[in-house]
Amino acid sequence: MSETMTRVENGYSWDDGAVAADAVSGVRPRRLRYCAGGVWKDSATQKYMPCYDPSTGAVIALAPQCTAAEVEEAIAAAEKAFPGWRDTPVSKRIQVLFRMKALLEEHLDELTYLCALENGKKWDEARGDVLKVIEVVEFACGAPHLMKGESLFNVSTGYDTVRYNEPLGVFAGIAPWNFPAMIPQGWMAPICIATGNTLVLKAASFDPQCALRITELWYEAGLPPGVLNVVTTSRNEAEIFLRHPAIKGVSFVGSTSVGLHIYSTAAANGKRVQALTEAKNHALVLRDCVLDRVVQSVINSFSGCAGERCMALPCVVVENAIADRFVEALVAAAKTIKLGRAYDKATDLGPVVNQGHKDFVLSWIETAIGEGAKLVLDGRDPEVPAECETGFFVGPTIFDHVTEEMSAGREEVFGPVLFVKRVENFEEGLKVMNASRFANGSVIFTESGHFAREFAYRTDGGMVGVNVGIPVPLGIFGFTGHKQSFFGDLHAMGRDGFIFFTESKNVTSTWFTDKEIPATASTWDGTMTR
């Protein structure tokens, strides 16, 4: 399977003979390129970031920290490509998307392996990462319908108005590392491209190869040069996107602190912004739930994708009446989880992305212990296969008796760590959940229609699950975080996505005959009807 990762020398990576072999694998890491104007280029930078196989700790690639001039070059390429792509009829633009869907399906196993290799998602999770790209490409193929405007004859006598939805120009996409395919190439690229805009993606330097390889497929599908450009760079160079006059909008996914900075800075420079940020999603477990099924759902929801997703379920608020039984069953189930290489299909839980993030997760476990939470399952030193001993693994970790005073129960840990909070009843549980400054998702497990409806109506969460642990809606609905989980007005994907990537233009017209030309023009030039 690793042989499928070898790219031709004019592709997104190359074998630099001057690079030393990796100490773990004995294989020389490949240098990655950036893409500007449809051409893969070697960066002039002297700074490269190591990209790991987190299952083994081996360095598999080196991502350039592109220079400011190279970021400017990518923006210029997108700006140059925009007029021609804008003027391409939408029915022809989506022909590229139809071909892209077919290519993604053809290369599904390759992309799944690449995602598992560079990010650490287990096979089924990595496959889902890629399938989510296909899902939004399919949705974006509806652009001829979803871009349609509105019209009305005789808004006043003899006057007609038509509203058109038009592309704006160049957008920037700043992607995180936790979904290396879905977010840059699903949430950001398809609707932007289908609506006639051009895009510069900043792929995550930790694991950029999915974004780079899928960019190759876009061009294979027939995308004109410069419509999609990809760089890897540091935060310093990424600041260019927030102020550059050619950039019309910025789509960002990442931390709340950075998202707030991007939102305030880019908006102050006249740009549209959608910033999807952190979360601390909670589930409310009521005494009437189907306990065995809830346990399985919670296991998947807090440890799936190693907890590295903003729709993970790191907090469970459970009624005291069933709390002891629930925690006991949860710990027993979590102990059966098998850790291993992400690309081994028998693996239940893969590694976190790198050593730095592993240390971050472990530091939160130490914080929770220090704050007095009861550690009922310790994943700090998990059992892993021999070939994974140098990998970046954290096992399922569960804390009970977590209170609102404990920061570990309030802040995003982004690892396979669960915090259990105990309450007396529905009202107390809902109050605890709504006290969070984040509001991406919220979940209730119950067989009561009354409590389910009350919860859906009164929760602050933007994506609500009723007996659904990960309530991520399909791309046709969009990703609707609330509170400090989102900054902006228009969410990613769904109808909002099409509005974000277009602007409206109203055209009002009237026509005269020789006998009907008015002698004068009124203040409202004929459009006032009262």
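The coordinates are above.
Residues numbered from 1 in each chain as written. Predicted model: local features only at pLDDT ≥ 70, side-chain atom pairs only at ≥ 80, totals over all residues. Heavy atoms only, no water.

Q: Whenever I open this one, unusual backbone geometry confuses me. Can you help?
A: Most peptide bonds take the trans configuration, and most residues that are not glycine carry a negative phi. Its identity as a non-glycine residue notwithstanding, cysteine 305 has a phi of 55 degrees, on the positive side. Tracing the backbone through its elements, the reader meets cysteine 305 in the loop between helix 10 (291-303) and strand 15 (315-319). For alanine 306, which is not glycine, the phi torsion reads 55 degrees and is therefore positive. Turning to its location among the elements, alanine 306 is positioned in the loop between helix 10 and strand 15. (Helix = DSSP H or I, 4+ residues; strand = E, 2+ residues; numbered from the N terminus.)

Q: Quick question: what am I supposed to make of the sheet that holds strand 21 (residues 463-466) here?
A: Neighbouring strands of a sheet are bound in pairs by backbone hydrogen bonds; such pairs are parallel or else antiparallel. Within the open sheet, the seven strands sit side by side as 16-17-18-15-14-20-21. Their pairing is mixed. Two strands close off the open sheet at either side, each with one partner strand: strand 16 (374-377) and strand 21. The sheet shows a mean angle of 20 degrees between the axes of neighbouring strands, direction not considered. As defined by bridge partners, strand 14 (residues 282-285) adjoins strand 20 (residues 441-445) across four bridges and the pair is classed as parallel. Considered in strand 20, the bridge of leucine 284 is made with isoleucine 444. Each of strand 16, strand 17 (397-400) and strand 18 (417-423) is contacted by helix 12 (residues 355-371), which is oriented at about 20 degrees to strand 17, the strand it contacts most. (Pairing = 2+ DSSP bridges. Axes fitted to C-alpha atoms, helices over the stretch in contact; angles between N-to-C directions. Contact = heavy atoms within 4.5 Å.)

Q: Mind showing me how you'd approach the packing of aromatic side chains here?
A: What describes a pair of aromatic rings is the distance from one ring centre to the other and the angle between the planes of the rings. Applying the stated criterion across every chain, the model contains 13 aromatic pairs. Relative to phenylalanine 500, the ring of phenylalanine 171 lies with its centre 5.6 Å away and its plane at 55 degrees, an arrangement referred to as tilted. Of this pair, phenylalanine 171 sits in strand 9 (residues 170-174) while phenylalanine 500 sits in helix 15 (residues 494-500), and the two are 329 residues apart along the sequence. Under the relative-accessibility criterion, phenylalanine 171 is labelled buried at 0%. Taking 5.6 Å as the distance between ring centres and 80 degrees as the angle between the ring planes, the aromatic pair formed by tryptophan 177 and phenylalanine 414 counts as edge-to-face. With a gap of 237 residues between them, tryptophan 177 in the loop between strand 9 and helix 6 (182-194) and phenylalanine 414 in the loop between strand 17 and strand 18 connect regions that are remote in the sequence. An identical accessibility class is assigned to tryptophan 177 and phenylalanine 414; each is buried. Site record: aromatic cluster; members linked through ring pairs are Phe171, Phe500 and Phe501. (Phe/Tyr/Trp six-rings, centres within 6.5 Å; stacked < 30°, edge-to-face > 60°. Buried < 20%, exposed > 50% of the residue type's maximum accessible area, 1.4 Å probe, protein only.)

Q: What exactly am I supposed to notice about the pattern of salt bridges here?
A: Opposite charge on two side chains allows them to pair when their charged atoms are near. Under the counting rule described, the total for this entry stands at 26 salt bridges. In this structure, the salt-bridge partner of lysine 505 is glutamate 166, at a minimum N-O distance of 3.3 Å. Of this pair, lysine 505 sits in strand 24 (residues 502-510) while glutamate 166 is found in strand 8 (residues 159-167), placing the two residues 339 residues apart along the sequence. You can call lysine 505 partly exposed: its relative accessible area is 39%. For lysine 483, the salt bridge identified is with aspartate 460, shortest N-O distance 2.9 Å. Of this pair, lysine 483 sits in strand 22 (residues 482-483) while aspartate 460 sits in the loop between helix 14 (449-458) and strand 21, and the two are 23 residues apart along the sequence. The class of aspartate 460 is partly exposed, set by a relative accessible area of 27%. Overlapping salt bridges bring together Lys101, Glu105 and Glu138 as one network. (Salt bridge = Lys/Arg side-chain N within 4 Å of Asp/Glu carboxyl O.)

Q: Is there a simple way to explain the nonpolar core in this structure?
A: Soluble, globular proteins show a tendency: their nonpolar side chains are buried together. Counting residues in hydrophobic clusters, the biggest one holds 81 residues, and the most contacted among them are Leu104, Ile193, Trp218 and Leu223. Sequence-distant contacts of leucine 223, defined by excluding residues within four places in its chain, comprise Trp85, Val96, Ile193, Trp218 and Leu228. Ranked by size, the runner-up nonpolar core spans 34 residues in total, among them Ala306, Leu330, Ala334 and Ile398. (Core = buried A, V, L, I, M, F, W, Y, C linked by side-chain atoms within 4.5 Å.)

Any link to function would need more than the numbers given here.
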